[in-house]
Amino acid sequence: MSAGARSTTYLELSQDNGGAHKFYEVTVDGQTVMVRYGRIGADGQTQTSTFPTVEKARVAAAKKVGEKVRKGYAPAVPGGRAPRAVTRRQVASAPSTARAVAPVLWRFGTGSAAFGIHVDGDRCWVGNQAGDVYTLDHEGDVLARFSLPDGVKCLVADDFWIYAGCDDGKVYDLSSKLPFAAYDIAADVDIFWLDIHEGVLNVSDRAGRLTVIDHEDEHQWTRRSQGSNAWMVRADDRAVYHGHHQGVTAYAPDGSGELWNTPTGGGVLFGWQEDDTVYAGTGHHKVQRLSKATGAIEATYACDSAVYSCATSPGGRFVFAGDLASSVYCFDRDGTRLWKLGTGNGAALSMQYHDERLYLVTTDGSLICVDATEAAITAAQRGTVPVVRDVKLAAALPTYAPATAAGSVTTVSQAPTGAVVVECVQDGGRVRVHVVSEGYDTSWNVQFPRAIREPGARYVVDALHAAAGGFYRVRGDIRRLL
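Residues numbered from 1 in each chain as written. Predicted model: local features only at pLDDT ≥ 70, side-chain atom pairs only at ≥ 80, totals over all residues. Heavy atoms only, no water.

Caption draft 1: Summary view of the overall build of the protein. Across its full length, the protein holds two helices and 41 strands. Burial status across the protein gives 55% buried among its 482 residues. Here the analysis covers contacts within the protein between residues at least 6 apart in sequence; of these, 49% occur between residues at least 24 apart. Working note: accessible area of the protein is about 19900 Å², and carbon and sulfur atoms make up 47% of it. Looking at charge distribution, the protein has the averaged site of its 48 positive side-chain charges lying 5 Å from that of its 54 negative ones. (Helix = DSSP H or I, 4+ residues; strand = E, 2+ residues; numbered from the N terminus. Buried < 20%, exposed > 50% of the residue type's maximum accessible area, 1.4 Å probe, protein only. Contact = heavy atoms within 4.5 Å. Areas by Shrake-Rupley, 256 points an atom, 1.4 Å probe, with all protein chains shown as cover. Lys, Arg positive; Asp, Glu negative; His and termini not counted. Charge placed at Lys NZ, Arg CZ, Asp CG, Glu CD.)

Here you go:
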């Protein structure tokens, strides 16, 4: 090969039971090394590095290829494997038949169709199909943006941790400034919805399957429910609740068996849960409340069109629903309709109630905040609503992207006082992460970015928190220790 010759090495990793379905391509062109990577069938992401000499560029490229081969990648031909199946939810939105419009306080347009929403005591999260996740305060000011490689299916919370399930088959931990892929879902799973409970990931898919993966990204069990198109999965200590086009099925957390199965009035399009009940929004114009213990239908909440989303106030005192006709409803616990109002921004595809406000993500990609106090609703029914504040992006918005290699992580020469040191160790065929600092169980694994794991490497994290499943989760920034 001549000194300036261009060469390309293309590798793929596609495992039937390991969840991986990705490629890695390294091109050397003179002193430049270009790396392209991502899920098979997608364009992926690109990184470019320039070296002082052609020989150093070749050495660096060979090192990158060698690292991937040792992790199981193999030479392949681009286009030889089918890409991951991705179903983007097709939804229709008709004008509301409500006589009045909801009292919307503020509205933020994400720029793309959006399904993901989470609201907690500190902030609001919204994710869209462009791969953007924005955080806002409760008054609508945008705080930060996470730029993920593919469309966001949903946002889920597990205690203090926030996760984004994406169309690339990965679930990203967004709990610190350095988002990372915490789970990698098998390529044959066409993801519809996700939930995480105590570090265990539950995935419902197009085929009506339920796939369960533990905190170390290892497959635990799979069950197929009686119906397909499973848009609902919720989990707690006693069961995993799987909603599909035939109804809701509850499975034992360890996958040992089906606990109950309840047909619903129409296919399940969305799900919500409280401590003792689950709520299924259906295509037959209703939300149904089911007992977690027995699966019995305890109450029905009748809407006027197919229900795209639902939520409750704490304890299920009020039940909210959004339909395809751009209306939002409120019911009392027993099913009496209290009000119906138009959203003014299309159908609500996801929703959450927090502190007398109802947050909706709608078909036009907007996150809207509705004043759900009795006074505001009464005024809206009479035709009096506040002037909506349209939220704009800040000129210099902090933006965070996932770590894709060890070199993309900030380095430090020593651990700051109070920080925790962890180390990557080879364990059989996998690289795992254990705690080095005193005061922790060194036998426990740490849920840690797989992309930056290198045997022998040490990292500094702000804090570790013990999870019920016998592992540690990272809190705060991650830095490599030199």
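Here the narrative resumes, following the displayed structure.
Caption draft 2: Looking closely at the nonpolar core. Residues I185, L201, V446, F448, Y459, L464 and I478 are the most contacted members of the largest nonpolar core, which totals 76 residues. Counting 16 residues, the second largest nonpolar core, distinct from the first, contains F108, A114, Y134 and V391. (Core = buried A, V, L, I, M, F, W, Y, C linked by side-chain atoms within 4.5 Å.)

Caption draft 3: Spotlight on the environment of E198. By secondary structure assignment, the location of E198 is in the loop between strand 15 (191-197) and strand 16 (200-205). Classification of E198 by relative accessible area gives partly exposed; the value is 32%. If we ignore the near neighbours within four places in the chain, the residues touching E198 are D158, D237, A468, F471 and R473.

Caption draft 4: Structural detail: the packing of aromatic side chains. A full pass over the atoms with the stated rule returns 20 aromatic pairs. Ring centres 3.8 Å apart and planes at 20° place the aromatic pair F192 and W231 in the stacked group. With F192 in strand 15 and W231 in the loop between strand 18 (219-224) and strand 19 (232-235), the pair connects residues that are 39 residues apart, well separated along the chain. Comparing F192 with W231, the two get one shared label, buried. Between Y241 and W260 the ring centres are 6.2 Å apart and the planes differ by 35°, which places this aromatic pair in the tilted class. Linking Y241 in strand 20 (residues 240-244) with W260 in strand 22 (residues 258-263), this pair joins segments that are 19 residues apart in sequence. Residue Y241 is classed as buried on the basis of its relative accessible area, which comes to 0%. Against the face of W161 rests R475, its NZ or CZ located 5.5 Å from the ring centre. (Phe/Tyr/Trp six-rings, centres within 6.5 Å; stacked < 30°, edge-to-face > 60°. Lys NZ or Arg CZ within 6 Å of the ring centre and 35° of its normal.)

Caption draft 5: The arrangement of unusual backbone geometry in detail. The phi torsion at N229 lies on the positive side, around 50°, for a residue other than glycine. One can find N229 in the loop between strand 18 and strand 19. Of note, the phi angle at H285 is positive, near 65°, even though the residue is not glycine. Note that H285 resides in the loop between strand 24 (277-282) and strand 25 (286-291).

Caption draft 6: Looking closely at the sheet that holds strand 31 (residues 348-354). Spatially, the five strands line up as an open sheet ordered 31-32-33-6-34, and their pairing is mixed. Pairing within the sheet leaves two strands with one partner each, and these edge strands are strand 31 and strand 34 (389-390). Across five bridges, the pairing between strand 32 (residues 357-362) and strand 33 (residues 366-371) is antiparallel. Looking at strand 33, one finds that L358 is bridged to V370. (Pairing = 2+ DSSP bridges.)

Caption draft 7: Representation of the sheet that holds strand 8 (residues 124-128) within the structure. With mixed pairing, five strands are arranged side by side in an open sheet as 7-8-9-10-35. Lying at the two open borders of the sheet, with one neighbouring strand each, are strand 7 (114-119) and strand 35 (399-400). Where strand 10 (residues 142-147) and strand 35 come together, two bridges link them in parallel fashion. By the bridge assignment for strand 35, R145 is matched with T399.

Caption draft 8: Representation of helix 2 (residues 374-381) in the model. Inspection of helix 2 places A376, I377 and A380 among the buried residues, and these make up the whole buried set. Projected onto a plane normal to the axis of helix 2, the buried residues spread over an arc of 95° and lie on a single side. Helix 2 presents E374 and A375 as exposed residues on the side facing more than 90 degrees away from its buried surface. Buried-residue contacts for helix 2 involve strand 30 (337-342) and strand 33. (Arc of directions from axis to C-beta.)

Caption draft 9: Spatial organisation of the side chain of S437. Among the secondary structure elements, S437 is positioned in the loop between strand 38 (430-435) and strand 39 (446-447). A polar contact of 2.8 Å, which involves the side chain of S437, links it to the backbone nitrogen of V421. Look past the residues within four positions of S437 in its chain and what remains in contact with it is A419, V420 and V421. (Polar contact = N/O pair within 3.5 Å; in protein donor to acceptor, adjacent residues only side chain to side chain.)

Caption draft 10: Representation of the state of the cysteines in the model. Enumeration over the complete set of coordinates arrives at zero disulfides. Left without a disulfide partner, C154 is nearest to the cysteine sulfur of C166, which lies 9.0 Å away. Residue C330 stays outside any disulfide, its sulfur separated by 11 Å from that of C303, the closest cysteine. (Disulfide = S-S within 2.5 Å.)

Caption draft 11: A look at the pairing of strand 23 (residues 268-273). The buried fraction of strand 23 is high, at five of six residues. Adjacent in sequence and paired antiparallel, strand 23 and strand 24 are bridged by three residues.

Caption draft 12: Representation of the pairing of strand 13 (residues 170-173) in the model. Going residue by residue along strand 13, you find K170 and Y172 tucked away on one face and V171 and D173 tucked away on the opposite face as well. Of the pairings in the sheet, the one linking strand 12 (residues 161-166) to strand 13 comprises three bridges and is antiparallel in character. Residue pairing in the sheet places G165 in a bridge with V171 of strand 13. Hairpin connection of strand 12 to strand 13: three residues between the antiparallel strands, including G169 at a positive phi of 90°. Summarising the sheet, strand 13 and strand 14 (residues 180-184) pair through four bridges and their orientation is antiparallel.

Caption draft 13: Quick peek at the pattern of salt bridges. The final tally for this structure, using the stated rule, is 25 salt bridges. The salt bridge partner of E216 is R432, with a shortest N-O separation of 2.7 Å. Of this pair, E216 sits in the loop between strand 17 (209-213) and strand 18 while R432 sits in strand 38, and the two are 216 residues apart along the sequence. Considered together, E216 and R432 belong to a single accessibility category, that of buried residues. Taken together, the shared-partner salt bridges in this structure form one network comprising E216, E218, D427, R430, R432 and R453. (Salt bridge = Lys/Arg side-chain N within 4 Å of Asp/Glu carboxyl O.)

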